[in-house]
Structure formats: C-alpha cells, structure tokens
Amino acid sequence: MEIVPLGDSALIVRVRKNFDGAPDEALNAVLATQRLLENAHLPGVIELAPAYTTVGVFFDPVRVVASGAKPDEVFEWLAERIREVILNANEVRADRMETSPIQIPVCYDAEFALDLDEIAQHAGLGAQEVVDLYCASEYRVHCIGFTPGFPFLGGLPSKLATPRRSTPRKEIPVGSVAIGGAQTGIYPVQSPGGWNLIGRTPLRLFDPKKDPPALLRAGDRVRFRAISRDEFARSAM
Amino acid sequence: MNATAVRAGFSTTVQDLGRTGFRQFGVSLGGALDAHALRVANLLVGNNESAAGLEVTFGGLQLRFADERLMAWSGGEFDARSGSTSLPVGHPVVIREGDEMGIERAKTGCRAWIAVSGGFDVPVVLGSRSTDLRGNFGGKEGRALRHGDELPLGKNSERTRILIDKLQRERIARWKPPHDWSSPAKREPTLRVIRGSEWNRFDNVTVQRFTGDKFTVSPDSDRMGVRFEGPRLKANELVDLISEAVAPGTIQIPPSGKPILLLGDCQTIGGYPKIAHVITVDLSIAAQLRAGDEVRFREVTLADAHQLLINREQNLEQFRRGLQPHFS
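All figures in this text were calculated on a predicted structure; none of them were measured in a lab.

Quick notes on the rules
Residues numbered from 1 in each chain as written. Chains lettered and ligands numbered in written order. Predicted model: local features only at pLDDT ≥ 70, side-chain atom pairs only at ≥ 80, totals over all residues. Helix = DSSP H or I, 4+ residues; strand = E, 2+ residues; numbered from the N terminus. Rg over C-alpha atoms; globule rule 2.2 N^0.38 Å. Buried ≥ 20, exposed ≤ 12 C-beta atoms within 10 Å, placed from the backbone. Contact = placed C-beta atoms within 7 Å. Domains from an automatic or database assignment. Nonpolar A, V, L, I, M, F, W, Y, C, P; charged D, E, K, R; others polar. Core = buried A, V, L, I, M, F, W, Y, C linked by C-beta atoms within 7 Å.

## Things to note about the overall build of chain B
Part 1: Broken down by element type, chain B carries six helices and 18 strands.
Part 2: The C-alpha radius of gyration of chain B comes to 20 Å, within 12% of the 20 Å expected for a compact globule of 328 residues.
Part 3: Expressed along its principal axes, the backbone C-alpha trace of chain B runs to roughly 65 × 35 × 35 Å.
Part 4: When each of the 328 residues of chain B is scored for burial, the buried share is 53%.
Part 5: Relative to all contacts within chain B whose residues are 6 or more apart in sequence, the contacts with residues 24 or more apart total 77%.

## Re the overall build of chain A
Part 1: Along its length, chain A carries six helices and 13 strands.
Part 2: Along the three orthogonal principal directions, the C-alpha set of chain A runs to about 60 × 35 × 35 Å.
Part 3: Here chain A holds 237 residues, and the buried ones make up 44% of them.
Part 4: Long-range pairs, those at least 24 residues apart, make up 60% of the contacts in chain A with a sequence separation of at least 6.

## Quick word on the environment of aspartate 304 of chain B
Part 1: Mapping aspartate 304 of chain B onto the fold places it in helix H6 (residues 302–323).
Part 2: In sequence terms aspartate 304 of chain B and glutamine 324 of chain B are 20 residues apart; their C-alpha atoms lie 31 Å from each other.

## What to know about the environment of alanine 235 of chain B
Residue and element names in this part refer to chain B.
Part 1: You can see alanine 235 is positioned in the loop between strand E12 (225–229) and strand E13 (244–245).
Part 2: Since 16 C-beta atoms lie within 10 Å of it, alanine 235 is described here as partly exposed.
Part 3: Alanine 235 sits 70 residues away from aspartate 165 along the chain, and the two C-alpha atoms are 60 Å apart.
Part 4: Contacts of alanine 235, omitting those with residues within four sequence positions, involve Ile253, Pro255 and Gly257.

## Comments concerning the domain arrangement of chain A
All names here are of chain A.
Part 1: With domains assigned, chain A is organised as domain 1 (2–88) and domain 2 (102–236).
Part 2: Spacing between the C-alpha centres of domain 1 and domain 2 amounts to 31 Å.
Part 3: At the interface, seven residues of domain 1 touch seven residues of domain 2.
Part 4: Going through the elements one at a time, helix H1 (23–40) and strand E3 (45–51) are the ones with two or more residues in the side of domain 1 that touches domain 2.
Part 5: Grouping the constituent residues of the side of domain 1 that touches domain 2 by class yields six nonpolar, no polar and one charged.

## Quick notes on unusual backbone geometry
Part 1: Residue proline 212 of chain A follows aspartate 211 of chain A across a cis peptide bond; omega there is 5 degrees.
Part 2: Note that proline 212 of chain A resides in the loop between strand E12 (196–200) and strand E13 (221–227).
Part 3: Residues other than glycine seldom take positive phi values, yet tyrosine 52 of chain A does so here, at roughly 55 degrees.
Part 4: Mapping tyrosine 52 of chain A onto the fold places it in the loop between E3 and strand E4 (54–59).
Part 5: Its identity is not glycine, yet phenylalanine 58 of chain B carries a phi of approximately 65 degrees, on the positive side.
Part 6: Following the sequence through the fold, phenylalanine 58 of chain B ends up in the loop between strand E3 (53–57) and strand E4 (61–65).

## Structural notes on the nonpolar core
Part 1: Val57 and Ile198 of chain A together with Ala41, Trp113, Ile114, Ala115 and Ala286 of chain B are the most contacted members of the largest nonpolar core, which totals 163 residues.
Part 2: With nine residues, the top contributor of residues to this core is strand E8 (residues 100–116) of chain B.

## Structural notes on the interface of chain A and chain B
Part 1: Listed by partner, the interface residues are 45 residues for chain A and 37 residues for chain B.
Part 2: Here the side of chain A that touches chain B gets six residues from one element, more than from any other, and that element is E3 of chain A.

## A short note on the domain arrangement of chain B
All names here are of chain B.
Part 1: The domain architecture assigned to chain B consists of domain 1 (2–183) and domain 2 (190–312).
Part 2: Just the C-alpha atoms count here: the centres of domain 1 and domain 2 sit 28 Å apart.
Part 3: Contacts between the two partners involve 17 residues from domain 1 and, on the opposite side, 14 residues from domain 2.
Part 4: Every element with two or more residues in the side of domain 1 that touches domain 2 is listed here: helix H1 (35–44) and E8.
Part 5: Looking at the side of domain 1 that touches domain 2 element by element, the count peaks at three residues for E8.
Part 6: Grouping the constituent residues of the side of domain 1 that touches domain 2 by class yields five nonpolar, eight polar and four charged.

Structure below.
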C-alpha cells in the first residue's frame, strides 16, 4: 500500500498496484479499504472516492491542523492515521456480500443501437449473436465517473471489445449503453462520448433527487436483459 | 422576495461552496471556483459564509431587486454599477427596493461573485445549491441564468438589518476586506504548484520547461478546466495508467502535451499523468484566467501550501471578528 498526495487537500491510497490481472480481488480490497476509512471518521476527512485500485481521500487541511497535526506535517499526520486504520483492521475483508446482480433492461433496436453493426463486424459475429453474448455475461461496476452516475463495467466478453470511435459524438442520448475498448458502460446524462452504442435502457441511472443519486455503485454486479421497443416505450414513460 | 435577472450575462450560475459526499457517484465538487471570494462576499453582507451567491463570467449581468438588500461582490476587476453609482469591489452596499445593479466588462480576470443578504434560496440538491452544468441539476434549474429569470432570496437576517440601518445615508460602506482578497486577478499570474504523483516520470527537460516557461491560456477553457497552449510538453508514454481520483487544481498532461488545469466542475476521476497540482490558495488566481493570459508555474512544498492555507484561514477568522461591530 502506498499513500501519495493529490494536491494539498486530498491524497490517494493505492491499495493495489495492478487491476487487470485480478480485477475482482483488487476491487474488493479497494471497497473494503473505503469502508474501513468511512467507519474510522478521521478528523478533517470530507469524502472518499474509490476507483479501480485506489481510494481518493479528500480532506480539509485546516480541520486536520485543528485536530492536532502540525501545519508542516498535515499530510504525514493524516497518512499515518490512515495506515493505522488499515493495519489495525483484523483483516481487510476482501469478499463483498454476495448480492444478486442488478438487472438492466436494454432495447437493442437499430434506432438505439447505432454502432451495433460495427461491433458485430469487429467481432466477426452477427448482430443478434452480439446481443446474445452481451446479455449472457455478468458485469461488475469497477468505478463510477466520467459524468455523474456513469458506470465503468468490467466483464465484457473479450470478443466484443471494440475500439473507441475515432471521432466522439457531441451528444450521446441519455440511457445509451455502449462499449469502449474492453469496458462497457451506460451514459446517465447527456454528454459527449466516443464509445460504440449497442442499445438503450429506459432506467434512470442518475437522479439528483434521490440519495444515493446513482442507481449503481462500485462493486455492484450487473446483468443486461433484452427488451422490445414496446417495453422500452412503456418503461420510459 | 426575488431578484430578477434583467440581463443574464454571458454565463452566470448560482454557486455556493460546492457539493461534497457524492464524488463516489461521479458528482463533481462544483461550487464557486474561488470559494474564498464567495466566503468573503457573504461575510460582508451578514450571510453565513456558505450561502449561495452568483458566479458571473465576463459580466453582462443586470439584476433588479424587489426589496431592500445588502450586496457585496468580489473577484476580478469589473465595472459594477447601480444606476449611475459605481459599486466598488468588496464594499457592502444597500440596494433599495426596485433598484438595479449591473456588472460589466472584466478589465482583469473573468469571474466575479455576488453575495446578496439572505442568499439565493434555490432548492438544495444533494446538499448544495450549486449549479452542476454537466449533470444539469442544482442552482436555477440546473443551468446558467437566462434573461428574465426570477431568483428567490432568503430573508434578511437581524444582523444584516442592523448594517442596512447604519448604511441608510451613505449606502456604500467605507470599509472593505484586505486588497489582495478582493483583487485576485493578476496580469501576469504565477501559480504555485506542488508535485503530482507522476512528476518524477517526466524527463528533466519537460519538468524544467514546465516550471521555467510561460503557458498561454486557450479559449477552450471553462468551469471544468483551463487548457494551455505554449511549450508543448513531451507526453509521458504511460499507457497503463489506471484512472484514479483527481481534484480541482490537478494539472494533467494528456497525449497532446498541452497541460490541462482542472477546476471545480472537473470529472471526479482521470487517467492522464498528473505533473503537478495548483495549491488551494492559488485557485483564486486560477479562477480568473482567461484566453491569452500568460501563466507561469512555480514549485513550492506541500508544507508551504498548507501553511499558506492556514494563514489565510486565520486572517479570515480575524476579518470575521473585525466585522462583528458593524453587525451589532
């Protein structure tokens, strides 16, 4: 484990060195570290942000000093507290509670699946085979970022990995489900984007009126279920 | 009672000190790009320092007030007026029922913050009144102001009423905060930085160029970040960098070799090498950067950055105490 500054008001706890070798293990360790630090309520810590192999810790240096750190040792003082919390934990529980995967209904009609043909061509499969393969796999949320509520999902069958589009689209419709390289994800708010669109979900992935505002969080398991255009229209109402 | 945006300005948004606790869901901090400036403006009108104000970019805003209010503004060098009266930066001023105020023409810098007694009382969304332009929520319907927008204001507090009564005759208070607080915009700004986690993975020439040369602010800059032209830095060939948290102040070097300085509306995670971070106290200067400005970066230690922040906080506390007699 390594702790490095991220400017003067944040730091990064590097829980693992690599991700792709053992993504589930790395993610479980990161989420366990996040929980430990959440429960520790360290002085001056404002919030935590997990991503792949790291936990970002945002803090107020003024409050850290008010809690006893010397002004010229704020980072060292907080890093030491973080190390204590992590080392004193009996064991960093690497297994996350087994929850059943969250079902995401997706309509793969041509109207929404603007890049399905490219994905199929790249994979050397037919469009329906792509959809079947995509729906047969189980995915895991590795990280939320890019835009509010955007899940980066691991678990894409390697055959379906498709390079990002050379020219990103200026506006991706809300709910678009897409493949970018070896990852897949869902656009929760209107934004530009360079991923290949495979379909669209009527589910709302980000709703600022709810707490938590995002449907998914890092660690969640996800499955996609194909729905008809009619079912999409009914659910989207 | 409301304030009306008679003219909305180039890009005016409701902002408070930002939204915390939701980074793990991809929600940016947001808030006033110069949080210190908004805190000072709020204190000057008797508000809680976290009350929502308006962030004005390049001016063009004209506000009309439906009732008597205390107003103060801070930030860049702007021409602010109420009728024919010039409204100096950092001085609390009484705005009477039906009066208008406008803020025009940024001479230096590009942003100003307007605090009005009672605060802008838009709904709290995820713990903040700040406008999130990427997520389209918070502030006034999740967007920048439009002509004719009505903005609800909270009630004038007792302490504000006391100062309004004291200022009935002169209207504009004679006192103001320390000069460098109300004028953070610089003509040839130097931003102090501390090393980023990939600093050591750039070669010596690149690092020397970063701290030795001047960089020009590109027009392609906004509340998410400032892009720079100028000496192209040799992009680091770290293809395997895993995305991790970034923060306002982070300076990334993308493959183009042109630095990007992240500001309040930045994404929560990033995968570009981080060469450095602008220190928190200098985010006030960063918030004023506009296209064509020439900027230098100077390295300081992390301990320096913290000491500067703590000094500023102590000065603010002293200022807060010094204001007390005006409100009692």
